[in-house]
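# Residue-level structural notes
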Amino acid sequence: MNAKRIDKIATGVLYAIAAFVVIILVALLGYILVQGVPEISWHFLTSPALSFEAGGGIGIQLFNSFYLLFLALLISLPISLGAGIYLNEYAPQNTLTGLIRTTIEILSSLPSVVVGLFGYLFFVVQFKLGFSILSGAFALTVFNLPILTRSIEEALANISNDQREAGYALGLSRWETVTKIVVPAALPSIITGIVLSAGRIFGEAAALIYTAGQSAPALNFHDWNPFNISSPLSPMRPAETLAVHIWKINSEGIMPDAKAVSAGASAVLIIAVLLFNFLARWLGKRLYKHLTAE
Amino acid sequence: MDKIRASLLKKSIASKIERRGKIISLTCLALIILVVFLIFYFVASRGLATFFQNHINFWQFLSGTQWNPGTTGTNGQPAVGALPMIVGSFLITILSAIVATPFAIGTAVFMTEISPRRGAQILRPVTELLVGIPSVVYGFIGLQVVVPFVRNTFGGSGYGILSGTFVLFVMILPTVTSMSADALNAVPRYYREASLALGATRWQTIYKVVLRAAIPGMLTAIVFGMARAFGEALAVQMVIGNATLLPQNLVSPASTLTSILTMGIGNTVMGSLQNNALWSLAMILLLMSLVFNMVIRYIGRKGKLNNER
């Protein structure tokens, strides 16, 4: 066999492999959407779940997912921003900084179930927060911190030094240069990083099973006082999210229409992740245009 | 005179702001580091209690095959043998990596070398999107599609190592593919040009030059995928059957470290042997993720040396 023939065969094999992978991936997406989208209706999205009879919705779980996402971002964003700024702007290039970077990398590679178990031990048991939104939000924060810090650090590193020198030339201190010039310049990529990490938080379940809990008590959507336990805003109530709900009804098997509900919920999750992805790209581009006046 | 002197000696507002800013950002960083140490401390303090408080022999824990904490096994000791879970975890991790690697690398080569335009337009966005799909969704599809398929094709209940491998294969495929594609893209263009100029065919260029130059990057991608597979909890737990027995074949129900952890932690009392034994499993999980991390760093360092030479 000559080299040209082998080349043709290899090309054919590579085409076949790529086609096979594309078929798997498309079938995966198609299966979720075809099975799930017909289940989605206004009733499904807004009504509470029913455990022993068919026809329940995912209203409370959907609300919990968004509320937890919001709280987790609210806590993790300032911390990651500060840490990212220090790592990129202040930290000297030495062994200690290298060690710190390694530690953050280790945190980002921890299995999410370990993060969840730590959250259970630390927030639920040690701090006696119980299975609550607050415990869940803290666990998600731990899960999110390394990823967000890393993406913010990268965003800051991509800003050219000219910008910093311009700031110093105007007599600004380093901190003022960072907060008034570098961070605004990096804002488009920072926002993209935040929205992408939001997609990950939204679908996370393993870190939440033992922190935010596996039950979704009924909520009174007319009571917005966060100190009432039945209020949607109450941070001390247990809150099962959409992803946890899918896991739970499938492993317990007492809900008669578990398959239909989880298909619909999976489709909602996927669509949300898709939207987060598009939003990240769109917002990043839009902000970049706006800020650079291009 | 004194006024000027005082204003010269006093710290300026800007330098105060500067100091405050530096302290704030350093505090944020210190907080993250503190969290990492807290995780290790808390999991280790619980996980080690099995060996120091309950006096379980460490090697018996690793090599025992009976898992039923709270009862005594055939040797008169508490039945806390973690071997079935350890074997289960390693089996599905290695098997799914073996299945996923050829597909991932083939697709990555196709994306970067054979059809870069189609790769950039279709394959790359799709794989990047699939990286973000929540793991419970993979578990649900595994339950609906893979388990019945395995049951009808290979017999048994359908729950087991094989189903877990299939689910993890699809799950880590996008991650490994997109990281391998990055590694291939990082190979300088002049490597390819030099090889083609010598009269090598495209396949010879890919096989003898590009793939070899990208080996460290692709190894990193595979180990990264393995780390993800090892730590995955819910998707695996849904399809593996959760029987704490040593897997006899690929279609009998088995269990992994993560699946037993997610099932058990809520049903045991804090501080009891049953609970401590579960934390020991979590500790093994933590240590393994450290090992994966070290392997990735080692490959990275080796790769750098090779390229510099």
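Residues numbered from 1 in each chain as written. Chains lettered and ligands numbered in written order. Predicted model: local features only at pLDDT ≥ 70, side-chain atom pairs only at ≥ 80, totals over all residues.

Our focus in this paragraph is the overall build of chain A. Helices and strands together make up the secondary structure of chain A, namely 10 helices and zero strands. Listing each helix as α and each strand as β along chain A from the N terminus yields α-α-α-α-α-α-α-α-α-α. Projecting the C-alpha coordinates of chain A onto the three principal axes gives extents of approximately 75 × 70 × 40 Å. Within chain A, the fraction of its 294 residues that count as buried is 47%. Within chain A, residue pairs in contact and separated by at least 24 positions form 74% of the contacts whose partners lie at least 6 positions apart. (Helix = DSSP H or I, 4+ residues; strand = E, 2+ residues; numbered from the N terminus. Buried ≥ 20, exposed ≤ 12 C-beta atoms within 10 Å, placed from the backbone. Contact = placed C-beta atoms within 7 Å.)

The helix and strand tally for chain B stands at 13 helices and two strands. For a compact globule of 309 residues, the expected C-alpha radius of gyration is about 19 Å, and chain B comes in at 26 Å, more than 25% above that figure. Taken over the C-alpha atoms alone, chain B extends approximately 90 × 75 × 35 Å along its principal axes. Here chain B holds 309 residues, and the buried ones make up 46% of them. By sequence separation, contacts in chain B at least 24 residues apart represent 70% of the contacts at least 6 residues apart. (Rg over C-alpha atoms; globule rule 2.2 N^0.38 Å.)

This paragraph deals with the interface of chain A and chain B. Accessible area lost upon the coming together of the parts is a frequently used measure of interface size. Opposite the 69 residues of chain A that make contact, chain B presents 67 residues. Elements supplying a minimum of two residues to the side of chain A that touches chain B: α1 (3–36), α3 (59–90), α4 (95–109), α5 (112–126), α6 (133–157), α8 (174–203), α9 (242–252) and α10 (258–292) of chain A. Tallying contributions element by element places α1(A) first for the side of chain A that touches chain B, with 18 residues.

Before going further, it helps to spend a moment on the nonpolar core. Membership of the largest hydrophobic core comes to 172 residues, with the highest contact counts inside it found for V114(A), L117(A), V167(B) and A282(B). For this core, the element with the most residues is helix α7 (residues 161–185) of chain B, which contributes 15 residues. Discounting chain neighbours no more than four positions away, the residues touching A282(B) are V114(A), L117(A), V43(B), G47(B) and L261(B). (Core = buried A, V, L, I, M, F, W, Y, C linked by C-beta atoms within 7 Å.)

If you check helix α9 (residues 202–213) of chain B, its first and last C-alpha atoms are 15 Å apart, about what 12 residues at 1.5 Å a residue would give, namely 16 Å. Where α9(B) is buried, its residues meet α1 of chain A together with α4 (83–114), α7 and α8 (189–197) of chain B. (Expected span 1.5 Å × (residues − 1).)

This part covers the packing of helix α7 (residues 161–169) of chain A against α8(A). Residue and element names in this part refer to chain A. The geometry of α7 relative to α8 is characterised by a closest axis approach of 10 Å and an angle of 155° between their N-to-C directions. Overall, the two elements α7 and α8 adopt an arrangement that is roughly antiparallel. Along this stretch, α7 crosses α8, giving a crossing that reads as right-handed. Along its contact with α7, which presents Q163, R164, G167 and Y168, the element α8 presents T177, I181, V182 and A185. (Axes fitted to C-alpha atoms, helices over the stretch in contact; angles between N-to-C directions. Parallel < 35°, antiparallel > 145°, perpendicular 65-115°, else oblique. Left-handed = near helix turned anticlockwise from the far one by under 90°.)

What follows covers the environment of S76(A). Residue position: S76(A) is located in helix α3. Every residue in contact with S76(A), bar those within four places of it in the chain, is listed here: T141(A), N144(A), L145(A) and L148(A).

Turning our eyes to something else, we now look at the packing of α9(A) against helix α6 (residues 135–154) of chain B. Running from N to C, α9(A) and α6(B) cross one another at 25°; their axes reach a closest spacing of 9 Å. Comparing the axis directions of α9(A) and α6(B) gives the class roughly parallel. Considering how the two elements wind past one another, α9(A) and α6(B) form a crossing that is left-handed. Across the interface between the two elements, A243(A), I246(A), W247(A) and N250(A) from α9(A) touch V136(B), G139(B), F140(B) and L143(B) from α6(B). Looking at the contact of α9(A) with α6(B) residue by residue, the classes come out as six nonpolar, two polar and no charged. (Nonpolar A, V, L, I, M, F, W, Y, C, P; charged D, E, K, R; others polar.)

Following the sequence through the fold, F166(B) ends up in helix α7. On a C-alpha basis, the gap between F166(B) and S96(B) in space is 6.9 Å, while along the polypeptide they are 70 residues apart.

What follows concerns unusual backbone geometry. For K128(A), which is not glycine, the phi dihedral falls at a positive 55°. In this fold, K128(A) is placed in the loop between α5 and α6. Among the residues examined, K128(A) registers 8 C-beta atoms within 10 Å and is labelled exposed. The phi angle at N242(B) is positive, at roughly 55°, despite the residue not being glycine. Relative to the assigned elements, N242(B) resides in the loop between α11 (234–240) and α12 (257–264).

Moving on, we get to the confidence of the model for chain B. Looking at chain B as a whole, its pLDDT mean stands at 87, while 97% of the residues score no less than 70. Here the predicted complex carries an ipTM of 0.88, next to a pTM of 0.89. (pLDDT = per-residue confidence, 0-100.)

A word on α5(A). Residues and elements named next belong to chain A. With 15 residues, α5 should cover 21 Å at 1.5 Å per step; its first-to-last C-alpha distance of 20 Å lies within 8% of that length. Most of α5 sits inside the fold, with 13 of its 15 residues counted as buried. Where α5 terminates, the next one or two residues include K128, which has phi positive at roughly 55°.

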